[in-house]
Amino acid sequence: MRELGLDPYGHRQHDLLSLAEAAGRYDEAADATHQESAAARKGVLKDNPEAEDAPPMIDDRPRVRVAGRVMLIRDSGKLVWMNLRDASHESFQVAVSKADCDELGFALAKQTDLGDIVVASGPLMKTRKGETTIWASGLEPGSKCLVPPPSKHDGLQDQELRYRQRYVDLWSNPETTSVFMLRARVIAALRAHLASIGFVEVETPMLQSQAGGAAARPFVTHLNALDMDLYLRIAPELYLKRLLVGGMPRVFEINRNFRNEGVDRSHNPEFTMIELYEAFGDCSTVMDISESLVRVAAKVASKMRAGETGVRAEGGSLVLPFGDLSIDYAPAFDRVNYGELFERGLGFAFTDHDRARAEATKRGIKTRNEAGEDIDIVFIINELFEEFAEPKLDPARPTWIVGYPAALSPLTRPMADDPSLADRADLFIAGMEIGPHYTELNDPDVQAAKFREQLAGVDDEERTFRSFDADFIRALKSGMPPAGGMGLGIDRLMMLMADQRSIRDVLLFPFMRPEAT
RNA sequence: GAGGGCGUAGCUCAGUUGGCAGAGCAGCGGACUUUUAAUCCGCGGGUCCAGGGUUCGAGUCCCUGCGCCCUUACCA
């Protein structure tokens, strides 16, 4: 290619259209006129090659200039066919003819390999088989692909390679690109919706001197300038609440949290959460916001799906597939009481602590910790609940679990009419926990007591990253308005929207063990 | 952490009872101006994940390790 005087790695281009835009510019009338005039001229010249009165060629076909990755190539001597792909279009045909393309372009076409990026320009026409095609007048290098491309039929199948070499996965498997296009559109729509109801997006520290706002093991890093350890945040909660104190009444943050824990189908060490606080709201106001956000996301997803399949979503319903399930996001989400669900799953009331301890032993749930001490009954109850009651939920119906025991939710305001219950709701869809919703605690004395209580129960290792957040208590002492708060796991939401069973399939670069060298 | 599956050419995959390492595509050389996974002729291509064992002989059987996938557990 260099021998032709071409730079295999291309240069800046003007007036490029996406392949989808280019396909949309095809003009049937112009194509027909051109074909007729060419045929007429050819007919006259055939009889008399010297004919002065041969009709002129009329060519006002739209001309386009596109760039794309070569996915297929068919070389039949003096005519080379290629199919280009970009993010907008899976396969768009270009024909490079020796007679009609400039000499350099044709020479390039003969040297083009699968996987190369090329820039093609020329008029739009249709082939005999009716496929819209650029009949190239010029072809230029975009970028050379030196790596052998994946199978042109099957794309890249190997899961490990798909995650490790996402750049290849993206160009070789168009379904992968569409998952991430959907992700981008959903997140943009969530932001737009929140802005439209008066929420302000903020950014709070990811490097924190103590990792608060959730119960999880943090990642540790070091600030050399001050020779001190810092933690990657496990949640933004305590900073967002400080903003409520400061007078920002409706704030949210869509950003990464980091948790130094297990890696599996629904857990990645870094993951994206939307966390939101509404002053003078409560658990039920933020539940409404979440329902509308999930519905906004489902609308974007069903619109994109309809665009792909050409099928319109039926009026009033927002049904999306998830594995074997069909989930309708349109109707109001179900609500079920923690206590009722517990009874349905276990056959007795969760307030019967003696029975709970006995059942736990019978059903093989730990009732003592490693030190041989009795585990607090609330954790045993929760264990029973998660194991035997949560599975009773219909996975195909988005469901709120409400009325959690107060003892399980130390950072939540108790219900006014029953202080043994917390004003908290958790959203479950398809058996996945999507996010907790709370009426936030804003009494500094109660909060301080809860912090102390929590700290009393932790071991030495945990104490290194969890300490009493005195500044947060000081902030509450300034007065935090009563508020509702919620967190939604964006990655899990995207698994539902994109019908992907693994969190790795909705993260562009999921965590992978480093490759052996 | 436990159980199961997989790992063979650049990619997608076969490989029978333990008996010479295979196919398609990709690559290289050649033919071809309306092809659609183009076609036709010819040619190269291997640390069978790694290490050990059984055996006359191991891609195949056994053990150990590594990686990925699935299930399950843990992560209040």
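Participant: In this structure, what is going on with the overall build of chain A? I would like to understand it.
Facilitator: Summing up its helical and strand segments, chain A has 15 helices and 19 strands in all. Relative to the globule expectation of 24 Å for 517 residues, the C-alpha radius of gyration of chain A, 31 Å, shows a markedly less compact shape. Summarising its shape, the C-alpha atoms of chain A cover approximately 105 × 55 × 50 Å along the three principal directions. For chain A, buried positions account for 47% of its 517 residues. Taking the intrachain contacts of chain A between residues at least 6 apart in sequence as the baseline, contacts between residues at least 24 apart amount to 65%. Taken as a whole, chain A presents about 26,500 Å² of accessible surface, with 51% of it coming from carbon and sulfur. Measuring between centres, the 61 positive side-chain charges of chain A sit 3 Å from its 81 negative side-chain charges.

Participant: Would you take a moment to explain the side chain of Q13 for this structure?
Facilitator: Along the polypeptide, Q13 turns up in the segment before α1 (19-24). Of the residues examined, Q13 reaches a relative accessible area of 17% and is grouped as buried. Of the polar contacts made by the side chain of Q13, one reaches the side chain of R65; its length is 2.7 Å. Other than its neighbours up to four places away in sequence, Q13 contacts R65, V119 and E140.

Participant: I keep staring at the confidence of the model for chain A and nothing clicks. Help me out?
Facilitator: Detailed conclusions should not be drawn from predicted coordinates in areas where pLDDT is low. Scored by pLDDT, chain A comes out at a mean of 89, with 95% of its residues at no less than 70. Across the assembled chains, the prediction reports ipTM 0.87 with pTM 0.91.

Participant: Got a minute to help me understand the nonpolar core in this structure?
Facilitator: Across soluble globular proteins, nonpolar side chains show a tendency to be buried alongside one another. Judged by nonpolar contacts, the single largest core of 51 residues is most densely connected at L182, Y329, I429, L496 and M497. Considering each element in turn, this core owes the most residues, 12 residues, to helix α8 (residues 283-309). Among the nonpolar cores identified, the runner-up in size contains 25 residues, and V80, L108, V118 and L139 belong to it.

Participant: So what exactly am I meant to see when it comes to the protein's contact with RNA strand B here?
Facilitator: The full set close to RNA strand B counts 49 residues, and H153, A215, E261, Q454 and R504 are the nearest of them. Sugar plus phosphate: this is where 58% of the atoms of RNA strand B within 4 Å of the protein reside. The backbone of D75 places a nitrogen or oxygen atom 2.9 Å from a base nitrogen of RNA strand B. A distance of 3.0 Å separates a phosphate oxygen of RNA strand B from a polar backbone atom of Q157. Of all the elements in the fold, those that place two or more residues in the surface near RNA strand B are β1 (63-75), β2 (79-86), β3 (89-97), α4 (159-164) and α11 (377-389). The element best represented in the surface near RNA strand B is α4, accounting for 5 residues.

Participant: Please explain the pairing of strand β16 (residues 399-405) as it appears in this structure.
Facilitator: Put simply, side chains in a regular strand alternate between the two faces of the sheet. The buried count for β16 comes to 7 of 7 residues, which makes it a mostly enclosed element. Direction of pairing for strand β15 (residues 334-337) relative to β16: parallel, over a ladder of 4 bridges. Counterpart to D334 in the pairing with β16 is T399. As defined by bridge partners, β16 adjoins strand β17 (residues 421-429) across 6 bridges and the pair is classed as antiparallel. Residue I401 lies in a different strand from β17, and its bridge partner there is D426.

Participant: I would appreciate a short explanation of helix α14 (residues 470-479) in the present structure.
Facilitator: Each full turn of the α-helix corresponds to 3.6 residues, which orients residues three or four apart in the same direction. When we look at burial in α14, the residues that qualify are F472, I473, A475 and L476. Along the axis of α14, the buried positions cluster into a sector of 155 degrees, meaning they face one direction only. Summarising the geometry of α14, the exposed residues directed more than 90 degrees from the buried face are R474, K477 and S478. On its buried face, α14 is in contact with α7 (237-246) and α12 (444-456).

Participant: What's the story with the packing of aromatic side chains in this structure? I'm lost.
Facilitator: For any pair of aromatic rings, geometry is given as the distance between the ring centres together with the angle between the planes. Under the defined criterion, the tally for this structure stands at 10 aromatic pairs. Ring geometry for Y338 and F350: centres 5.5 Å apart, planes at 85 degrees, overall edge-to-face. Of this pair, Y338 sits in helix α9 (residues 338-346) while F350 sits in the loop between α9 and α10 (353-362), and the two are 12 residues apart along the sequence. A residue is classified by how much of its surface remains accessible, and Y338, at 0% relative accessible area, is buried. Aromatic side chains Y338 and F385 sit 3.9 Å apart centroid to centroid with 15 degrees between the ring planes, which places their arrangement in the stacked category. Placement of Y338 in helix α9 and of F385 in helix α11 is noted, with a sequence separation of 47 residues between them. Note that R242 overlies the ring of Y239, its terminal NZ or CZ placed 4.7 Å from the centroid.

What counts, and at which threshold
Residues numbered from 1 in each chain as written. Chains lettered and ligands numbered in written order. Predicted model: local features only at pLDDT ≥ 70, side-chain atom pairs only at ≥ 80, totals over all residues. Heavy atoms only, no water. Helix = DSSP H or I, 4+ residues; strand = E, 2+ residues; numbered from the N terminus. Rg over C-alpha atoms; globule rule 2.2 N^0.38 Å. Buried < 20%, exposed > 50% of the residue type's maximum accessible area, 1.4 Å probe, protein only. Contact = heavy atoms within 4.5 Å. Areas by Shrake-Rupley, 256 points an atom, 1.4 Å probe, with all protein chains shown as cover. Lys, Arg positive; Asp, Glu negative; His and termini not counted. Charge placed at Lys NZ, Arg CZ, Asp CG, Glu CD. Polar contact = N/O pair within 3.5 Å; in protein donor to acceptor, adjacent residues only side chain to side chain. pLDDT = per-residue confidence, 0-100. Core = buried A, V, L, I, M, F, W, Y, C linked by side-chain atoms within 4.5 Å. Near = heavy atom within 4 Å. Pairing = 2+ DSSP bridges. Arc of directions from axis to C-beta. Phe/Tyr/Trp six-rings, centres within 6.5 Å; stacked < 30°, edge-to-face > 60°. Lys NZ or Arg CZ within 6 Å of the ring centre and 35° of its normal.

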